[in-house]
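# Tertiary structure, described
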Amino acid sequence: MAERHGQLRSVVIRSFRRFSERYFPEKNGQSLTSEVEQEAEGSHFGYLDSLPVDIKFLIMTFLSPVDICNLGATCRYWRAMVRDPLLWRYFLLRDMPHWSSIDHLTMPNLDMLDAPLVSEHESLEDREEGAETNRELKSDYMSEYLKGCPSCRQQWLPSRPAYELLTSFLQYLVPSSEPRYAMFGPGMEQLDVSLVRRLMYSPDLLPVSGTPHKQINGIGSGISYLFNNKHRFNILTLYSTNRAEREKARLQQESINNKLFVFGGTDDSGYPVYTPAPQVQMVCQEVDGFIYVANAEPEKGDGASEVSQIRAVLNCVGDSLAKPLLVLSCISREPEEVTGGAKCRTPCVYMARRLGLPQLSNRWMVQDAVAESLSGVLDGIAWLLKSSGVKI
């Protein structure tokens, strides 16, 4: 990855240099033509314009996305510079692994990043004012970055669609019952720290407002929590087996028989096919949404099986599109400082792709979480409650 970043960095600087030499030819001993003088909005360029191209690029790497966009509003030259697709492709590859959340509205198109590094429609050479064509739309890395970056996505996206405003108004008139969510996934059982146990014994974050409900055929139970000390909601925990079997399998690194799903072979593409157990289907019919706890620790997770199980749960619900899916991309403990490019977790953007979430019609969100500190869990719960119509 570091080698890829270095290669792309060189390509960005080379693209900037070609454009800068074309825009300011007097720096190479040539005189400005009257046409270029008009486009440059003056016959003199400022101190920032006179800096070497690699210094300009270095400065931009320290700016926030909003600052870069403001820089592009100063003149036509900088507008073209900051809208260079290669520049924003570099930012995407650099920053995406550090994003803490992503959802169905802000997920970037990762296929764009799999395209060849350099192509003719990504060059800055011909991108003077008025020369923008449809080719930009094919590689609009800038838009992909701005809509996906957690620090600026709310600034660039509308707050809520009009139909949601109408829904919120109606919810004031019709009182709603306590929302219920089914929680399942390998992260509940494979991690060294139990996320469910930490939730039950963290009254400072999520006070328990109701004792565990009746066991659901030995696979889990329901617990009510209080969000922000005023919003009650219930989580039905669904385990693939009982506690003793889970502990034995975790210590001995063995696979266990999953009681939540029935394996039905493979499809024509070789992917596994699962059907939820009858008791799981009954739960899914009654809940208002789902929480999938994914194991985000390095080299963990079975993408094909996870995709099939998530879709099996959603497909067994009659009106599944109305039920949101929260994915807690979870690790056991806060990551220690690592060196040498070592990974401490699967980035949420790549977790979304691993689970096949962009292909779902449901509303979904992936939120980085830590089981021991419960970091990120409240942000995910807040999104889930809002998606269920609760006014936070």
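### Some thoughts on the overall build of the protein
From N to C terminus, the protein includes 18 helices and 10 strands. With 392 residues in all, the protein has 48% of them scored as buried. Long-range contacts, defined here as pairs at least 24 residues apart, represent 70% of the contacts in the protein between residues at least 6 apart. Carbon and sulfur atoms make up 51% of the accessible area of the protein, which totals about 20,300 Å².

### A few points about the pairing of strand β2 (residues 180-184)
With 4 of its 5 residues buried, β2 lies for the most part within the structure. Sheet analysis places β2 next to strand β5 (residues 231-237), joined by 4 bridges and oriented parallel. Along β5, the bridge assignment pairs Arg 180 with Asn 234. Two elements, β2 and strand β8 (residues 289-295), share 4 bridges in a ladder whose sense is parallel. Bridge pairing in β8 places Tyr 181 opposite Gly 289.

### What about the sheet that holds strand β3 (residues 208-210)?
Ordered by their spatial adjacency, 8 strands build an open sheet running β1-β10-β9-β8-β2-β5-β4-β3, and the pairing between neighbours is mixed. Looking at which strands have only one partner, the edges of the open sheet turn out to be β1 (101-103) and β3. On average, adjacent strands in this sheet sit at an angle of 30° to one another, irrespective of strand direction. Of the strand pairs in this sheet, β8 and strand β9 (residues 325-331) are connected by 6 bridges, and their pairing is parallel. Note that in β9 the partner of Tyr 292 across the bridge is Val 327.

### Notes on the nonpolar core
Note that soluble globular proteins tend to have their nonpolar side chains buried in a common cluster. Ranked by internal contacts, the top residues of the largest apolar core, which has 73 residues, are Trp 88, Trp 99, Ile 102, Phe 290, Leu 325, Leu 357 and Val 366. No other element matches the 7 residues that helix α7 (residues 85-95) contributes to this core. When sequence neighbours within four positions are dropped, the list of residues in contact with Phe 290 reads Tyr 181, Ala 182, Phe 184, Cys 284, Val 313, Leu 314, Val 317, Lys 323, Pro 324, Leu 325, Leu 326 and Leu 384.

### Re empty space enclosed by the protein
It is a probe the size of a water molecule, rolled over the atoms, that shows where empty space is left. Counting across every chain of the model gives 2 cavities of 30 Å³ or more. A volume near 30 Å³ is recorded for the second largest cavity. Lining the second largest cavity are Ala 182, Phe 184, Leu 238, Leu 260, Phe 261, Val 280, Cys 284, Phe 290 and Val 313. Of all the secondary-structure elements, those providing two or more residues to the lining of the second largest cavity are β2 and α15 (278-286). Here the residues of the lining of the second largest cavity sort into 9 nonpolar, no polar and no charged.

### A word on the environment of Cys 348
Summarising the element assignment, Cys 348 is placed in helix α17 (residues 348-354). According to the relative accessible area criterion, Cys 348 is buried, its value standing at 0%. In this structure, the C-alpha to C-alpha distance between Cys 348 and Met 365, residues 17 residues apart in sequence, is 9.3 Å. Residues in contact with Cys 348, not counting those within four places in the same chain, are Trp 99, Ser 100, Ser 101, Ile 102, Val 366 and Asp 368.

### Focus: a nonpolar patch on the surface
A cluster of nonpolar side chains, Leu 48, Ile 55, Leu 58, Ile 59 and Phe 62, forms an exposed patch at the surface whose accessible area comes to about 430 Å². Take Ile 59: it is sitting in helix α4 (residues 53-61).

### Observations regarding unusual backbone geometry
The backbone phi angle of Asn 228 is positive, close to 55°, even though this residue is not glycine. Take Asn 228: it is sitting in the loop between β4 (222-227) and β5. Residues other than glycine seldom take positive phi values, yet Asn 229 does so here, at roughly 60°. Mapped onto the elements of the fold, Asn 229 is located in the loop between β4 and β5. Here Asn 229 falls in the exposed class, since its relative accessible area comes to 61%.

### Topic: α4
Burial in α4 covers these residues: Val 53, Lys 56, Phe 57, Met 60 and Thr 61. The arc enclosing the buried residues of α4, seen along the axis, measures out at 140°, which places them on a common side.

### Brief notes about the pattern of salt bridges
Scanning all chains against the criterion turns up 7 salt bridges. Among the ionic pairs, Asp 192 bridges to Arg 333, the shortest N-O distance being 3.9 Å. Taken together, the positions of Asp 192 in the loop between α12 (187-190) and α13 (195-200) and Arg 333 in the loop between β9 and α17 put the pair 141 residues apart, joining distant regions of the chain. Exposure remark for Arg 333: the relative accessible area of 41% places this residue in the partly exposed category. Its salt-bridge partner being Glu 372, residue Arg 333 comes within 3.7 Å of it at the nearest N-O pair. With Arg 333 in the loop between β9 and α17 and Glu 372 in the loop between β10 (364-370) and α18 (377-387), the pair connects residues that are 39 residues apart, well separated along the chain. Ionic contacts of the salt-bridge type, sharing partners, join the residues Asp 192, Arg 333 and Glu 372 into one network.

About the criteria used
Residues numbered from 1 in each chain as written. Predicted model: local features only at pLDDT ≥ 70, side-chain atom pairs only at ≥ 80, totals over all residues. Heavy atoms only, no water. Helix = DSSP H or I, 4+ residues; strand = E, 2+ residues; numbered from the N terminus. Buried < 20%, exposed > 50% of the residue type's maximum accessible area, 1.4 Å probe, protein only. Contact = heavy atoms within 4.5 Å. Areas by Shrake-Rupley, 256 points an atom, 1.4 Å probe, with all protein chains shown as cover. Pairing = 2+ DSSP bridges. Axes fitted to C-alpha atoms, helices over the stretch in contact; angles between N-to-C directions. Core = buried A, V, L, I, M, F, W, Y, C linked by side-chain atoms within 4.5 Å. 1 Å grid on protein atoms, 1.4 Å probe; cavity = no way out; pocket = protein on both sides within 12 Å on 5 of 7 lines; lining within 4 Å. Points joined across faces, edges and corners; volume = space filled by probe spheres on them. Nonpolar A, V, L, I, M, F, W, Y, C, P; charged D, E, K, R; others polar. Patch = residues over 30% accessible without salt bridge, like charges linked within 9 Å, V, L, I, M, F, W, Y side chains within 5 Å. Salt bridge = Lys/Arg side-chain N within 4 Å of Asp/Glu carboxyl O. Arc of directions from axis to C-beta.

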